[in-house]
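So the chains spell out like this:
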Number of protein chains: 2
Amino acid sequence: MTHLPKRLLLGRALRSDRLGETLLPKRIALPVFASDPLSSVAYAPGEVLLVLSIAGVSAYHFSPWIAAAVVVLLFTVVASYRQNVRAYPSGGGDYEVATTNLGARAGLTVASALLVDYVLTVAVSIASGVENLGSAVPFIAEHKTLAAVLTIVLLTLMNLRGVRESGKLFAIPTYCFVTGVCAMILWGVIRGAVLGQDMRAPTAGYEIQTEHSGGLAGFALAFLLLRAFSSGCAALTGVEAISNGVPAFRKPKSRNAANTLAMMGLIAAVMFCGVIVLALATDVKMAENPATDLIINGHPAGGGYQQNPVISQVAAAVFGEGTFPFVFLAAATALVLFLAANTAYNGFPLLGSILAQDRYLPRQLHTRGDRLAFSNGIVLLAGAAAILVVIYDADSTRLIQLYIVGVFVSFTLSQTGMVRHWNRLLAEERDPAARVRMHRSRAINAFGAFCTGLVLVVVLITKFSHGAWVSLLGMLLFYGVMTGIRRHYDLVAEELAADDPDEKRVRPSRVHSIVLVSKTHKPTMRALAYARLMRSDTLEALTISVDAEETAQLRREWEESGMDVPLKILDSPYREITRPVIEYVKRLRKENPRDVVSVFIPEYVVGRWYEQLLHNQSALRLKGRLLYTPGVMVTSVPWQLESSELARKRARRCAEWSAPGSVRRGPAVRPGAGRTRTDRGAGNGGSREGGGPGGEGT
Amino acid sequence: MTHLPKRLLLGRALRSDRLGETLLPKRIALPVFASDPLSSVAYAPGEVLLVLSIAGVSAYHFSPWIAAAVVVLLFTVVASYRQNVRAYPSGGGDYEVATTNLGARAGLTVASALLVDYVLTVAVSIASGVENLGSAVPFIAEHKTLAAVLTIVLLTLMNLRGVRESGKLFAIPTYCFVTGVCAMILWGVIRGAVLGQDMRAPTAGYEIQTEHSGGLAGFALAFLLLRAFSSGCAALTGVEAISNGVPAFRKPKSRNAANTLAMMGLIAAVMFCGVIVLALATDVKMAENPATDLIINGHPAGGGYQQNPVISQVAAAVFGEGTFPFVFLAAATALVLFLAANTAYNGFPLLGSILAQDRYLPRQLHTRGDRLAFSNGIVLLAGAAAILVVIYDADSTRLIQLYIVGVFVSFTLSQTGMVRHWNRLLAEERDPAARVRMHRSRAINAFGAFCTGLVLVVVLITKFSHGAWVSLLGMLLFYGVMTGIRRHYDLVAEELAADDPDEKRVRPSRVHSIVLVSKTHKPTMRALAYARLMRSDTLEALTISVDAEETAQLRREWEESGMDVPLKILDSPYREITRPVIEYVKRLRKENPRDVVSVFIPEYVVGRWYEQLLHNQSALRLKGRLLYTPGVMVTSVPWQLESSELARKRARRCAEWSAPGSVRRGPAVRPGAGRTRTDRGAGNGGSREGGGPGGEGT
């Protein structure tokens, strides 16, 4: 119905190139899965300095310690997820681990957290990307919210259209970003330590003046340091992505995934620490409220001041503002952040499909790469992210406050689940070498669970009032809706379970077939021919007389054509179609309650939506009503009009559409290589299971 | 799907009281059909004075002559329609007359004109009603547009909900209005002529100053007088309503209708002339642009001045402003105008149903009182009227410029058609007495056609640039859309005509039945049982394996239950449902092109729209795709879940809904009294026409 406007907007659907069939080597897998965690280097260091600035610039000297704590946590989480990857090579990720080991509620909690997280990944990454781009292009910095919303719209359209995702698409910007940041660190170290040059960030000469500029002590300081640490933990978001993508790796899958994870951890740590150290060395100043707290030449910066991200300030100090490497790094940073946002577009429907399989979401979302289901997910994700971006003025700092809760909920539950997993295996394993390995893994996961749990508590305490409550509310909402859907499906399943002995006793005995007739044209003739083939016990044609003349003509033609099926005419004084048919069918059923009524409806198949409005409306409504009448089956006998060819072509194009995100999902699982979907053998393999031979249907 | 919000807005549907079954006596028929033409007395006299004022107050003395011309025309039209009523007692109205006698194009032109007219009836009547109400309640006059739009919304909701229309509903306000106006005329004449009192309208002391205040002469004056006459012709709108409603009259229908028509003409003429004469006697001043042209105490009236309708000014002069009779008349006038608007709500869908019967509009509109079709018409009508009201600031004077074109198009074509009608009859009639009567009728209709045609030309010339072009554009639009729809239906009918001998030669030979299975629950069991009853040549159960474990369980259960139908399993690596089924069906068809594939789909029937989202989506899409696959019939085997009871109740309520306007349509035509829709005999009567006995279906 809405195909035309959609096509105008989204263009022609891309053909599926079945990219998901090819497995990823490590050098491609790294950028595909790591764009999200690596890109967080663009905002995490700044957040640490920002929080510390509350206690004055002097508090900045705590930042290396906080960076060290974040790196330790990062390594812990990476080490933990290396265990996950080995134990669950199916790529189920945190949801699977939590569900299997901790039960459905924990799993659903993780799922809710991840769904919220995907929304925030989009919001934070795009806000930060726009800020980075804005550091090179002031115009963008001045229209941040608009630019962020437009980027969301663009990404959404791209994904709705079907992105031909390829490893290269991810590899080039990610490697550009990593190379750029590493080159910056290296060149900064050389200039500072070797050449002894003085590098000054654009904000080096500014001062910070806050309420607590004199310094904090005791509990207040500890709380502030914990809050700074919480903010730094933004660097850990997305680490779990690889554990969802194990099937996409080349063999040996688990080992390759684990090694990629380690590599990613190492790069992220180097970049994070490098940026923090350079920021200190170049005297970068970040203030939580730059308008009032940042003092430039003795005056507050004022509302017009745009605070650039740390990474861009460091680049300005090391390379010089406006130089080619500076602009290159800003562009690469923005691009990798947009790619990170794009990963959420891929992850959201994938998680939805898994949740649908477990009946927490509508079943139809289960279909892999189904365009319709996919689109709904995309639009939901984009809408939620856009709302957040608008509410928070595309300010990455304020959005990050919401971000980390979900990540650590899933980290903690996943690691706790892993501990249970090893406990269960240890209870059965007798091989000492294996037991040693398991003990080690359990220790790592337990430590991971402890650390991430601790961080979760810290994050909740330090950030609750800053925005974490919004995330919790979102999680609660998802949790409630999914629980409700599952309950509905369970109730229906119970109602439908074939355990009713009565059902088998009162078997239907005969079939009355009714063919609805309005004219003696081809669709009617076909419907009659088909109805005759389905040998029912009685067969009659039924017409509703809404116009005496037309009915008389039909009767005449019926007689002349020597039809061997009786024509029954029902009068309809109010020119209704539905009611007389329903009443007739009900009467038939009342007279013979054990019989079944089969209603054949000839249908026109047209190709354009406005043609659809001109046909079948009565048939459609009649079918709708007949569904509520027990003991009735409704058969559509379609007649394809010439224009239906259009719709067939359209449907074919839709079927060939390739769902974004196929690269990271890996190839589809084929239970048996010989039983493809066009292989007749598959069916025969199945039909052996049935009792009787195929040709006997009664 | 959208039932809940609708019900919150529109309330519970009213039960049908089958009021349409009772026939109308003349005393009730008069108000039912005459509220539209009688209510035009509320604005037509004012329009005459308004146009004349352009040539200064001195031109007012032409107004009795113009009133006389209008009355002559009114009597001509009434006399003409008395012939229509006698010749076409079926109530087809102008559209039927024009189509039968002048061909389809003329008929379609009349239909387009009438459709536009209904929209304008709503807009003009409500605008005028609000102005009349505003003359008693200044607050309403100050918020005219808002009040008019709210009234449209209110009328729309009332009509969507289903108004329990009754003769009394119309009788009381219409008789109040007629009595009020007549009393005012009588009291005015007594006060003025008998008691010799001086009655002064509120505007009696004002002056009018226009460009042409010095008076016009020659062509310019003639043109102005013609324009004033055109405006006065607004009094004739709605005269044709009775000719549509002949079936609703008591017997002798035609004579009663003709007499009612005459009575209506008489009342309208008396009221129209009375108001004009009293307006002159009380020195009412109306200006086309009161803000600048109306001089109060030497100064222009200014933008804040609200010009009250003539009828209310006369009432103020005769009864005194604010007295009980004054307020009573203002309320009765507004009420009768709103009733007039309501008649359009009844007429629009009725005409739509007739047009649908002739395939100029979608077929489903044909159903009488079908709620869905009716609703669409109502919303379309209300939307168009509301747009006009907003564009023209609810100014009845500006709206009337658009109004009269459509009316006179249909008058002229209808009367011309009647002339042809009598010519045709005269060619065959031999009885001299009858011939004399026919000659007389033809003369009346010819005179009517001539007069209305002349007025149409006058209206087009004098009003084209004032707004008549908008009506013509609207008519063109309706004409184009209806022609397009008819062409589509004709093309389809041609494509479907069962004249292809090949069609009969290549007969389908066998049926492959496929039952889609996902679980072994009750709906599946029922679908299998039904499919078995419909003895096809082969029968197999088909399942799509999207989850290896679920499929294995299904296979196990299938085996255990000792099913006598083979189970075929198709693998779907991409977890798709639709494509594997379509491909399988296509392969079956390719192997045996003469065979037919019958696909049985078990369906859950639920009661709430959000439950619908959770079920059947795959089935729905599969059905959609299968329709495009030739040689396939699709059978839904519904399983009614407990919640479907809700939907059944809802459907029943909808079926019991009573369409507004049933009073004026008269009772439904029942071809044979004994063959009601619950009468088994009707069916048997029909089945005699068929060849074979009912129990034999092949």
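Bear in mind the structure is a predicted one, so any value in this text is a computation, not a measurement.

**Description of the overall build of chain A**
Secondary structure assignment for chain A yields 28 helices and eight strands. With 698 residues in all, chain A has 53% of them scored as buried. Contacts in chain A between residues far apart in sequence, at least 24 positions, make up 84% of those at least 6 positions apart.

**Comments concerning the domain arrangement of chain A**
Per the domain assignment, the segments making up chain A are domain 1 (24–489) and domain 2 (508–667). A C-alpha centroid distance of 56 Å is found between domain 1 of chain A and domain 2 of chain A.

**Details of the sheet that holds strand β3 (residues 299–300) of chain B**
The strand order across the open sheet built from three strands is β1-β2-β3 (chain B), with neighbouring strands paired in antiparallel fashion. Both outer strands of the open sheet, β1 (207–208) and β3 of chain B, are each paired with one neighbouring strand and no more.

**Focus: the sheet that holds strand β5 (residues 538–545) of chain A**
Read across the sheet, ten strands follow the order β6(A)-β5(A)-β4(A)-β7(A)-β8(A)-β8(B)-β7(B)-β4(B)-β5(B)-β6(B) without closing on themselves; strand pairing throughout is mixed. In the strand order of this sheet, the two ends are held by β6 (567–571) of chain A together with β6 (567–571) of chain B, each with one partner. Averaged over all adjacent pairs, the angle separating strand axes in this sheet is 30 degrees, with direction ignored. The pairing of strand β5 (residues 538–545) of chain B with β6(B) spans five bridges and is classified as parallel. Counted as the bridge partner of Leu542(B) is Lys568(B) from β6(B). Of the strands in this sheet, β4 (511–516), β7 (596–605) and β8 (632–640) of chain A together with β4 (511–516), β5, β7 (596–605) and β8 (632–640) of chain B are in contact with helix α21 (residues 522–533) of chain B, which crosses β7(B) at around 145 degrees.

**A word on unusual backbone geometry**
Residue and element names in this part refer to chain A. Omega for the bond connecting Lys-251 with Pro-252 falls within 30 degrees of zero, at -5 degrees, which places this linkage in the cis form. Here Pro-252 shows up in the loop between α11 (241–244) and α12 (253–281). Notably, Asp-283 is not glycine yet its phi reads approximately 60 degrees, a positive angle. Summarising the element assignment, Asp-283 is placed in the loop between α12 and α13 (290–293).

**Regarding the pairing of β8(A)**
Of all the nine residues making up β8(A), nine are buried; the element is thus mostly covered by neighbouring parts of the structure. Along β8(A), one buried face is formed by Val632(A), Val634(A), Ser636(A), Pro638(A) and Gln640(A) and the opposite face, lined by Met633(A), Thr635(A), Val637(A) and Trp639(A), is buried too. In the sheet, β7(A) pairs with β8(A) via nine bridges, with the strands oriented parallel. Residue Phe600(A) lies in a different strand from β8(A), and its bridge partner there is Thr635(A). Sheet topology note: the β8(A)/β8(B) ladder contains three bridges and is antiparallel. By the bridge assignment, Ser636(A) is partnered in β8(B) with Val634(B).

**Considerations on the environment of Asn592(B)**
Residues and elements named next belong to chain B. Assignment of secondary structure puts Asn-592 in the loop between α23 (578–591) and β7. Under the C-beta neighbour-count criterion, Asn-592 is labelled partly exposed, with 16 such atoms within 10 Å. Separated by 82 residues in the primary sequence, Asn-592 and Arg-510 place their C-alpha atoms 9.0 Å from one another.

Scoring rules and cut-offs
Every chain is numbered on its own, with residues counted from 1 as its sequence reads. Key to labels: chains lettered from A, ligands numbered from 1, both in the order written. Given that this is a predicted model, residues contribute local features only at a pLDDT of at least 70 and side-chain atom pairs are listed and counted only at 80 or more, while totals for whole chains, interfaces and linings are drawn from all residues. Segments assigned H or I by DSSP are reported as helices when at least four residues long, segments assigned E as strands when at least two residues long, and all are numbered from the N terminus. The exposure label follows from counting other C-beta atoms within 10 Å of a residue's C-beta, where the C-beta atoms are placed from the backbone and the thresholds are 20 or more for buried and 12 or fewer for exposed, leaving partly exposed in between. Contact between two residues is assigned when their C-beta atoms, built from the backbone, lie within 7 Å. Each domain's extent is set by a domain assignment, obtained either automatically or from a database. The rule for pairing is simple: two strands pair if DSSP sees at least two bridges between them. Orientation is described by axes fitted as lines to C-alpha atoms, over the contacting stretch for helices, and by angles from 0 to 180 degrees between their N-to-C directions.

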